[in-house]
Amino acid sequence: EPRVPLEAHRVCLFATSAYGTVIAAAVGLLSPQAGKEALGSLIKDGEESSLIALICARTGLKDHEVLFVRPEHKGGGKMPSEGATVTPGQLCPMHFLAIDHKLKAVILSIRGTASISDVLTDLLCSPRRILGGIAHDGFLRSAYDVLAYTRNHIEKALTEHEGYRLIVTGHSLGCSN
């Protein structure tokens, strides 16, 4: 069915937008002109404003449809772990929440490995038991942190947009969450 590939492509635009302006420009996700403008915005307006501009440029959203952006490493949520040696929030990758009226969805997009903290998350690979299964310790801690930041925002967005679904997307580390 044609809808599935088009929807998958659209969701991938959200996943790649989570990498931010510098990486998007460096790997060619932006035209040279758009890359210059985005990098100029980063310098002039700061990380969060630049990221929102990038998300809008890649997805066609309006600024107000980007509901929540968590730039890198600004404190943390809580994770259920005893004897943790990592501060809650330290393993939380950059992520954002947006409303996509084309897909009738609330989109949570989580960035993949792009920082030292993300590499640490990847390396914390001891198995952890959860819900009758086993999970990668770093990915589980990271998922709890993302949930701590976004849960209230997600619940509010889904309440305000009745009939919309939640789509969680990401690449690499972002997909593991």
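About the thresholds
Residues numbered from 1 in each chain as written. Predicted model: local features only at pLDDT ≥ 70, side-chain atom pairs only at ≥ 80, totals over all residues. Heavy atoms only, no water. Helix = DSSP H or I, 4+ residues; strand = E, 2+ residues; numbered from the N terminus. Buried < 20%, exposed > 50% of the residue type's maximum accessible area, 1.4 Å probe, protein only. Contact = heavy atoms within 4.5 Å. Arc of directions from axis to C-beta. Salt bridge = Lys/Arg side-chain N within 4 Å of Asp/Glu carboxyl O. Expected span 1.5 Å × (residues − 1). Bend = angle between axes of the 7 residues up to and from the residue.

A word on the overall build of the chain. The helix and strand inventory of the chain stands at seven helices and six strands. The linear arrangement of helices and strands in the chain, starting from the amino end, is α-α-α-α-β-β-β-α-β-β-α-β-α. A total of 177 residues make up the chain; the buried ones form 44% of that total. Considering only contacts within the chain whose residues lie at least 6 apart along the sequence, 66% involve residues at least 24 apart.

Time to look at helix α5 (residues 116-123). Those residues of α5 lying buried are S117, D118 and T121. The arc that holds the buried residues of α5, viewed along the axis, is 100°, so those residues lie on one side. For α5, the exposed residues set more than 90 degrees away from the buried face come down to I116 and L123.

Further remarks concern the pattern of salt bridges. Evaluation of the coordinates by the stated rule reveals six salt bridges. When the shortest N-O distance is used, the salt bridge between R141 and D137 registers 3.0 Å. With R141 and D137 both in helix α6 (residues 137-160) and four residues apart, the pair spans about one turn of that helix. Note on R141: relative accessible area 9%, which makes it buried. E160 is the salt-bridge partner of K156, the closest N and O atoms lying 3.7 Å from each other. With K156 and E160 both in helix α6 and four residues apart, this pair spans about one turn of that helix. Bridged by salt links that share partners, the residues R128, D137 and R141 form one connected network.

It is worth spelling out α6 at this point. Taking 1.5 Å per residue as the helical rise, α6 with its 24 residues ought to reach 34 Å, and the 34 Å between its terminal C-alpha atoms agrees with that figure. The largest bend in α6 amounts to roughly 50° and is located at T150. Three or more residues of α6 are buried, namely D137, G138, L140, R141, S142, D145, V146, Y149, T150, I154 and A157.

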